[in-house]
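Analysis of the macromolecular model
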Protein chains: 2
Amino acid sequence: MYKATVNVTLRKSILDPKGKAAHHALEDLGLTDINSVRIGKLIELDIDADDKDKAHEVAETACEKLLANEVMEDFEITISEN
Amino acid sequence: MYKATVNVTLRKSILDPKGKAAHHALEDLGLTDINSVRIGKLIELDIDADDKDKAHEVAETACEKLLANEVMEDFEITISEN
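Residues numbered from 1 in each chain as written. Chains lettered and ligands numbered in written order. Predicted model: local features only at pLDDT ≥ 70, side-chain atom pairs only at ≥ 80, totals over all residues. Heavy atoms only, no water.

Let us look at the interface of chain A and chain B. Contacts between chain A and chain B engage 31 residues on the former and 31 residues on the latter. Summed over both partners, the interface of chain A with chain B buries about 2,700 Å², with 64% contributed by carbon and sulfur atoms. Between the two partners, chain A and chain B, sit zero salt bridges. Inspection of the region where chain A meets chain B yields 12 residue pairs in polar contact (both at pLDDT 80 or more). Listed by contribution, the elements that provide at least two residues to the side of chain A that touches chain B are β1 (2–10), α1 (17–28), β2 (34–47) and α2 (52–67) of chain A. The leading source of residues in the side of chain A that touches chain B is β2(A), at 14 residues. (Contact = heavy atoms within 4.5 Å. Buried area = accessible area lost by both parts, 1.4 Å probe. Salt bridge = Lys/Arg side-chain N within 4 Å of Asp/Glu carboxyl O. Polar contact = N/O pair within 3.5 Å; in protein donor to acceptor, adjacent residues only side chain to side chain. Helix = DSSP H or I, 4+ residues; strand = E, 2+ residues; numbered from the N terminus.)

Below is the structure:
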């Protein structure tokens with residue numbers, strides 16, 4: 001069993017309204033030293049696979065088919081043993 | 001300028017409906033080797049601070065006051081130079 005940790009982040013050129021809203025709220029709370037906030041997804045998958053490469057392949061397929069929108073988002077997969 | 005990467009994850013004991021929905025959708029797409037999916041947040045902050053410790057403190061305050069709901073979520077902060 002492997003654990004895949006997937007970081008899905010909005011591409012730099014794409015406006016991040018959730019991040020902007022959080023940024024303004026933090027400023028209102030007095031945290032004025034924060035210059036930017038960007039919010040992405042952190043997805044954890046438990047995968048049954050024979051080896052690390054196979055687990056990476058399954059995670060990549062999951063990202064391409066469902067978890068990430070490659071038009072707007074980048075993803076990064078890290079596999080560890082569980 | 002420092003960059004704080006914050007991983008916000010739902011506590012193990014809390015049901016994750018978004019993760020469950022993604023899990024079912026992945027099964028329907030034929031990815032049956034995935035046993036569980038949990039979806040959290042990945043938040044990136046750019047922080048103006050004199051040193052790493054100060055940046056960590058700002059990020060921690062931001063999490064406690066706004067970014068994480070500590071009743072249901074855990075957070076983990078990593079600081080790097082920008």
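So much for the structure itself; the text now carries on.
All names here are of chain A. Among the structural elements, D16 can be located in the loop between β1 and α1. Buried D16, no salt bridge; nearest opposite-charge side chain is R38, N-O distance 4.8 Å. Setting aside anything within four residues of it in sequence, one finds D16 in contact with L10, V37, R38 and I39. (Buried < 20%, exposed > 50% of the residue type's maximum accessible area, 1.4 Å probe, protein only. Lys, Arg positive; Asp, Glu negative; His and termini not counted.)

Let's shift gears to the pairing of strand β1 (residues 2–10) of chain B. Residues and elements named next belong to chain B. Side-chain alternation along β1 places Y2, A4, V6, V8 and L10 on a buried face and K3, T5, N7 and T9 on a face that remains uncovered. Two strands pair when backbone bridges link them, and β1 and strand β2 (residues 34–47) are joined in this way by seven bridges, in the antiparallel orientation. Bridge pairing in β2 links K3 to D46. (Pairing = 2+ DSSP bridges.)

The next thing to look at is the relation of the copies chain A and chain B. You can overlay chain A on chain B at an RMSD of 0.0 Å; the transform is a turn of 180 degrees with a shift of 0.0 Å along its axis. Both copies of the chain, as the preceding transformation shows, are related through a two-fold rotation axis. Considering only C-alpha atoms, the part of chain A nearest the rotation axis is A:K41, at 2.3 Å. Taken as a fraction of all interface residues of chain A, those also at the interface in chain B reach 100%, which identifies the copy contact as same-surface. (Least-squares fit on C-alpha atoms with pLDDT ≥ 70 in both.)

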